[in-house]
Amino acid sequence: MLSQEERQTIEEELSHYEVPHAVIIDALKAIQRHRGWVSNDALADLSEFLGVTVHELDSIATFYSQIYRRPVGRHVIRVCDSASCFVMGYESIRDRVFAELGIEFGETTPDGRFTLLPNPCLGACDHAPVLLVDQDLHEDVRPEAVRDLLADYQ
Amino acid sequence: MTITEKVDGMETPLTGNIRDDGTVLNLKEYERVGGYRALRRALRELAPEEVTKAVTDADLRGRGGAGFPTGKKWSFVDMSDQARHPKYLVANADEMEPSTFKDRFLMEGDPHQLIEGMILSAYAIGARYAYVFLRASYFRPARRLREAIAEAYAAGYLGGDILGSGYQLDLYLHISAGRYICGEETALLTALEGRRSIPRSKPPYPQVSGLWGRPTVVNNVETLCNVPHIVDKGSQWYRNLGRGQDAGTKLYGMSGKVNRPGLWELPMGASAREILEEHAGGMRAGHRLTALQPGGASSGFLAPEHLDVPMDFSSMGHTGTRLGTGTILAIDDQVCPVALIRNLEHFFAQESCGWCTPCREGLPFVERILTAIENGEGQADDLDRLHDYTRFLGPGNTFCAHAPGAMEPLETGLKIFGDVFERHITEGRCSWRH
């Protein structure tokens with residue numbers, strides 16, 4: 001069952017669209033906000049609420065890069081790996097994050113603190129290399145600053 | 001936050017009011033510098049068709065990359081009594097083209113400018129609803145747009161009977177869940193409908209059958225931000241802002257190993273040399289320019305001998321590349337071109353929506369060949385194969401422009417850096433690696 005809060009968010013978003021099906025992406029994001037990720041149970045709850053099959057919901061959920069179909073850590077780090085950051089040496093940032101956390105892209109630290117993902121261009125190329133931790137954009141990142149930067153996220 | 005350097009003596013309608021300290025202009029501040037004046041006048045004095053005519057006469061061309069004339073785009077919307085309703089206007093704020101950071105700046109610094117541009121554009125096509133389709137990773141633009149939309153509703157610029165004119169428009173912020181293909185205008189509409197973001201075949205174009213089959217116009221953020229100024233100051237004024245063959249100003253950016261990376265609003269038709277040398281402060285010491293990518297990952301490379309070509313849609317077309325988004329990536333001699341192109345093709349392979357076979361299968365294949373060459377494992381016929389692929393995945397062979405866009409840097413890269421590719425294969429190593 002969807003929670004009261006989840007229902008409320010979804011119903012509010014529903015009023016923005018001519019066709020109810022359009023709310024699916026907002027709904028997946030609302031569930032993820034409340035539960036951290038989108039589990040099979042979550043899809044079943046949403047399927048019941050919207051009258052859309054679980055399979056269709058899953059096909060949509062797995063298409064988009066910001067919907068998590070596996071549990072993620074308390075904080076999600078997204079390292080920009082696109083062209084400007086590549087020219088500015090993002091690989092040394094990436095390798096430093098790998099070394100600090102002992103994980104690679106697509107993995108979560110054993111203590112559940114961080115999930116690490118690559119991300120296409122974050123639109124701050126004049127301050128490359130950049131990375132995102134949760135909703136915080138970090139610009140002009142230097143490898144030696146990575147440890148302190150991560151320490152703020154417990 | 002980007003700092004835009006104010007350039008003396010040049011008009012900067014889009015960015016002139018944006019502050020250097022990164023704070024946002026709220027409604028009162030926007031009104032104080034003339035904000036919503038164009039909307040008040042248009043709703044009082046101009047018929048929708050007259051707004052379209054002003055934009056057509058101004059020669060405004062789409063700033064998302066393709067450069068399609070905006071007025072012409074709008075003119076395909078049925079304005080008769082028989083038109084199907086409701087009509088929609090969508091701001092394409094899915095800025096995700098690698099090396100592009102201009103729309104973020106406009107939305108963070110002056111969100112009301114976008115909102116006013118959207119209301120005017122929606123009025124011109126008779127739209128009842130408007131959406132900002134914003135990319136998922138743009139958290140600060142999302143917060144600022146949400147606040148600005150609420151302010152605009154409270155002030156009567158949105159909702160029923162706007163400023164007593166009888167015109168009704170509701171505007172919603174839709175935050176995407178993240179995929180590059182959402183920036184393609186028909187894929188964007190499919191995403192907005194809550195489905196997998198797969199492009200649609202054209203025709204019918206969105207102006208005829210768009211969101212839920214209704215007449216819909218999709219315009220880029222920077223394009224829409226021009227509209228209030230055109231309505232306010234006139235088409236002739238706008239045309240005169242351009243220096244070369246195209247009208248208006250353009251947000252040009254530069255990233256890479258330059259002394260002052262940034263974003264500048266300059267007359268359309270400024271040259272890459274002016275942007276690099278006068279605004280970006282030239283290349284960093286010890287770095288030599290080998291090529292530019294003029295307008296995002298899907299624009300072909302520009303060799304340094306073309307630095308003086310005006311960066312407008314018409315002139316750039318003659319150099320074998322295109323203006324694209326106008327945010328330039330400077331490539332220097334310490335970057336291996338094979339590795340950079342492999343990076344670009346990895347992006348395109350990852351972001352293929354998977355709908356059509358050449359794109360879904362071809363792009364990963366191209367990436368694998370490039371990776372092999374970079375690792376010193378390239379075969380003698382690999383370059384021929386890459387050339388073949390630029391044709392197989394080129395215009396006309398795929399469902400949308402994604403794969404052809406991916407082939408632009410590859411095709412131009414093979415031309416400009418042909419010797420580097422060959423050396424990788426004959427020497428069996430990358431000389432940029434130690």
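See above for the structure.
Keep in mind the model is a prediction, meaning the values are calculated, not measured.

**Q** How should the sheet that holds strand 1 (residues 88-93) of chain B be read in this particular structure?
**A** Through backbone hydrogen bonds, the strands of a sheet pair up, either in parallel or in antiparallel fashion. All names here are of chain B. The four strands lie next to each other as 3-2-1-4, forming an open sheet whose pairing is parallel. The outermost strands of the open sheet, each flanked by one partner alone, are strand 3 (170-175) and strand 4 (216-220). The mean angle between the axes of side-by-side strands here comes to 20 degrees, regardless of whether they run parallel or antiparallel. Two elements, strand 1 and strand 2 (residues 129-134), share six bridges in a ladder whose sense is parallel. Bridge pairing in strand 2 places Ala93 opposite Leu134. Across the sheet, helix 7 (residues 139-154) touches strand 2 and strand 3, and the angle it forms with strand 3 is around 165 degrees.

**Q** Sorry, what's going on with the environment of Asn119(A) here?
**A** Its place among the elements puts Asn119(A) in strand 2 (residues 114-119). With near-sequence residues (within four places) excluded, Asn119(A) lies in contact with Gln66(A), Arg78(A), Val79(A), Cys80(A), Asp81(A), Ser82(A), Arg135(B) and Ser137(B). There is a polar contact of 2.7 Å between the side chain of Asn119(A) and the side chain of Arg78(A).

**Q** Looking at this model, I keep getting lost on unusual backbone geometry. Mind explaining?
**A** Among all residues except glycine, the phi angle is most often negative; among peptide bonds, the trans geometry is most common. Following Ala128(A), the chain continues into Pro129(A) via a peptide bond in cis, with omega recorded as 0 degrees. Tracing the chain through its elements places Pro129(A) in the loop between strand 2 and strand 3 (131-133). A cis amide bond links Lys202(B) to the next residue, Pro203(B), at an omega of -5 degrees. We note that Asp140(A) has phi near 45 degrees; this positive angle belongs to a residue other than glycine. With respect to the secondary-structure elements, Asp140(A) resides in the loop between strand 4 (136-138) and helix 7 (146-151). Overall, the relative accessible area of 41% leaves Asp140(A) in the partly exposed class. Positive phi outside glycine occurs at Leu163(B), with the angle close to 50 degrees. Tracing the backbone shows Leu163(B) in the loop between helix 7 and strand 3. Look at Leu163(B) and you get partly exposed, because its relative accessible area is 33%.

Rules used throughout
- Residues numbered from 1 in each chain as written.
- Chains lettered and ligands numbered in written order.
- Predicted model: local features only at pLDDT ≥ 70, side-chain atom pairs only at ≥ 80, totals over all residues.
- Heavy atoms only, no water.
- Pairing = 2+ DSSP bridges.
- Helix = DSSP H or I, 4+ residues; strand = E, 2+ residues; numbered from the N terminus.
- Axes fitted to C-alpha atoms, helices over the stretch in contact; angles between N-to-C directions.
- Contact = heavy atoms within 4.5 Å.
- Polar contact = N/O pair within 3.5 Å; in protein donor to acceptor, adjacent residues only side chain to side chain.
- Buried < 20%, exposed > 50% of the residue type's maximum accessible area, 1.4 Å probe, protein only.

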